[in-house]
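# Coordinate analysis (summary)
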Amino acid sequence: MMNEKRKVWLGVGSALASTLVTGQVAADSPTHYSPSAAVVAPGPMMEGEGGEGEGEGAVSVNLAENDAQFLAQLGLIRGHLWVGMKLYQQGHIDMAKTHMKHPGDELYAGLVSAFEARDLPGFADELQALADAVNNDNSAEIVNNAYQALQHAISANEPIQQMSAEQVLKSISSMLVIAADEYAIGITSGEVSNVHEYQDAFGFQQITLARLDAINKSEQEKAAAEIAETRRIIEGLTSLWPTTTPAGTVEGDASRIYGAASRIELEANSL
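Residues numbered from 1 in each chain as written. Predicted model: local features only at pLDDT ≥ 70, side-chain atom pairs only at ≥ 80, totals over all residues. Heavy atoms only, no water.

## Examining the overall build of the protein
The helix and strand tally for the protein stands at 13 helices and two strands. Just so you have it, the protein exposes about 10,800 Å², and 49% of that area is on carbon and sulfur atoms. (Helix = DSSP H or I, 4+ residues; strand = E, 2+ residues; numbered from the N terminus. Areas by Shrake-Rupley, 256 points an atom, 1.4 Å probe, with all protein chains shown as cover.)

Written out as structure tokens, the structure is:
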């Protein structure tokens, strides 16, 4: 499994996307958003260390102030959980366990300072409860209840209702850059080389679609064309994941995801 540290820092995501070539949970309902009363407050710069050589030249991002990247980071957690629940519901319990985050994971730990600076509660308890329920082989009812409680807890920390469509689309572009990175590791020359990373990329793609539905009504109306085009672009990637548990050959290429990220960045910049 890849080192999570490289996922903590999405500060270069938008810049990368703009230079790249263009080229169902309740698990099927990936998120349950509610308006957040988040107050964006100044906070310390959070510096991430890149895993596997990816930290060189990375740009640090202040997640206490940058809503787009803060939302993207939360989206990555949602993506892990979404695909974990999808696998759980399909009976792939051992695979599901590998996607269940807990407070000790670097992806969540990298957000703690941002939660504190934004005066947000975080969702460590709910994250741990779901991980425990799945890892301890609790009943499906207990697992599903823990998942729903966690979705609501994450929503309470998300500033999406206060964000512009431009910010949300940039957040989506950043998530897709990370999804492309994961897919490139999961599928190599049309062969499945790392199913876990392939699954992560699937979860991230699904959450980007859910993000579009969560944009507030006023912004939905102002950016209707750009949001519709973004949806079309993301939905066009779905064939890259013919199943959650592939083996052998998969006709897919990460360049399609990188290209989608770049095109969505352009949509955001047009607003």
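## Some points on helix α13 (residues 254-269)
Between the first and last C-alpha of α13 there are 23 Å, a value that for 16 residues agrees with the 22 Å anticipated at 1.5 Å per step. What α13 keeps buried is the set Ala254, Ile257, Gly259, Ala260, Ala261, Ser262, Ile264, Glu265, Glu267 and Ala268. Of the residues flanking the start of α13, the one acting as N-cap is Asp253, its side-chain oxygen 2.8 Å from the backbone nitrogen of Ser255. (Expected span 1.5 Å × (residues − 1). Buried < 20%, exposed > 50% of the residue type's maximum accessible area, 1.4 Å probe, protein only. Polar contact = N/O pair within 3.5 Å; in protein donor to acceptor, adjacent residues only side chain to side chain.)

## Quick look at helix α9 (residues 165-186)
The end-to-end C-alpha distance of α9, which contains 22 residues, comes to 31 Å, matching closely the 32 Å that a straight helix rising 1.5 Å per residue would cover. Within α9, 17 of the 22 residues are buried, leaving the element largely enclosed by the surrounding structure.

## Side note on the environment of Ala225
Position of Ala225 among the secondary structure elements: in helix α12 (residues 224-235). Residue Ala225 is classed as exposed on the basis of its relative accessible area of 55%. The spacing of Ala225 and Glu267 is 42 residues in sequence and 9.2 Å in space, taken between C-alpha atoms.

## Quick word on the nonpolar core
Membership of the largest hydrophobic core comes to 70 residues, with the highest contact counts inside it found for Leu81, Phe123, Leu130, Leu176, Tyr183, Trp241 and Ile257. If you tally residues by element for this core, the top one is helix α3 (residues 67-89), at twelve residues. Discounting residues that sit within four places of it in the chain, Leu81 has contacts with His99, Met100, Lys101, Leu127, Leu130, Tyr147, Leu150, Gln151 and Ile154. (Core = buried A, V, L, I, M, F, W, Y, C linked by side-chain atoms within 4.5 Å. Contact = heavy atoms within 4.5 Å.)

## Observations regarding the packing of α9 against α12
Running from N to C, α9 and α12 cross one another at 15 degrees; their axes reach a closest spacing of 11 Å. Put simply, α9 runs roughly parallel to α12. Remark: the crossing between α9 and α12 carries left-handed chirality. For the pair formed by α9 and α12, the contact residues are Ala165, Leu169, Ile172 and Leu176 on the first element and Glu226, Ile227, Thr230 and Ile234 on the second. Its residues assigned to classes, the contact of α9 with α12 shows six nonpolar, one polar and one charged. (Axes fitted to C-alpha atoms, helices over the stretch in contact; angles between N-to-C directions. Parallel < 35°, antiparallel > 145°, perpendicular 65-115°, else oblique. Left-handed = near helix turned anticlockwise from the far one by under 90°. Nonpolar A, V, L, I, M, F, W, Y, C, P; charged D, E, K, R; others polar.)

## Describing the confidence of the model for the protein
This prediction gives the protein a mean pLDDT of 84; 78% of its residues lie at or above 70. pLDDT under 50 marks residues 1-29. Its contacts with residues more than four places away, or in other chains, come to 92 contacts. Predicted confidence is poor over residues 31-58, with pLDDT under 50, and the contacts of this stretch with residues over four places away or in other chains come to 73 contacts. (pLDDT = per-residue confidence, 0-100.)

## Observations concerning unusual backbone geometry
We note that Asp119 has phi near 60 degrees; this positive angle belongs to a residue other than glycine. By the secondary structure assignment, Asp119 is in the loop between α6 (112-117) and α7 (124-135). The backbone of Asp137 sits at a positive phi, close to 55 degrees, despite the residue not being glycine. Its location among the elements puts Asp137 in the loop between α7 and α8 (140-155). Since its relative accessible area comes to 54%, Asp137 is described here as exposed.

## Comments concerning the pattern of salt bridges
Taken as a whole, this structure holds nine salt bridges when the rule is applied. Salt-bridge contacts for Asp137 lead to Lys97; the nearest nitrogen and oxygen are separated by 3.2 Å. A residue pair is termed long-range when its members are at least 10 positions apart, and Asp137 in the loop between α7 and α8 and Lys97 in helix α4 (residues 93-99) qualify at 40 residues. Its relative accessible area of 23% is what places Lys97 among the partly exposed residues. Arg211 serves as the salt-bridge partner of Glu158, at 2.8 Å between the closest nitrogen and oxygen. Of this pair, Glu158 sits in the loop between α8 and α9 while Arg211 sits in helix α10 (residues 195-214); the two residues are 53 residues apart in sequence, bridging distant segments of the chain. Since its relative accessible area comes to 0%, Glu158 is described here as buried. One network of salt bridges, in which partners are shared, links Arg78, Glu158 and Arg211. (Salt bridge = Lys/Arg side-chain N within 4 Å of Asp/Glu carboxyl O.)

## Details of the packing of aromatic side chains
One pass over the full model with this rule turns up eight aromatic pairs. On the basis of an interplanar angle of 45 degrees and a centroid distance of 5.6 Å, the ring pair of Tyr108 and Phe115 is categorised as tilted. Accessibility classification places Tyr108 together with Phe115 in one group, the buried group. With 5.6 Å between their ring centres and 70 degrees between their planes, Phe115 and Phe123 make a pair best called edge-to-face. With respect to class, Phe115 is no different from Phe123; both count as buried. (Phe/Tyr/Trp six-rings, centres within 6.5 Å; stacked < 30°, edge-to-face > 60°.)

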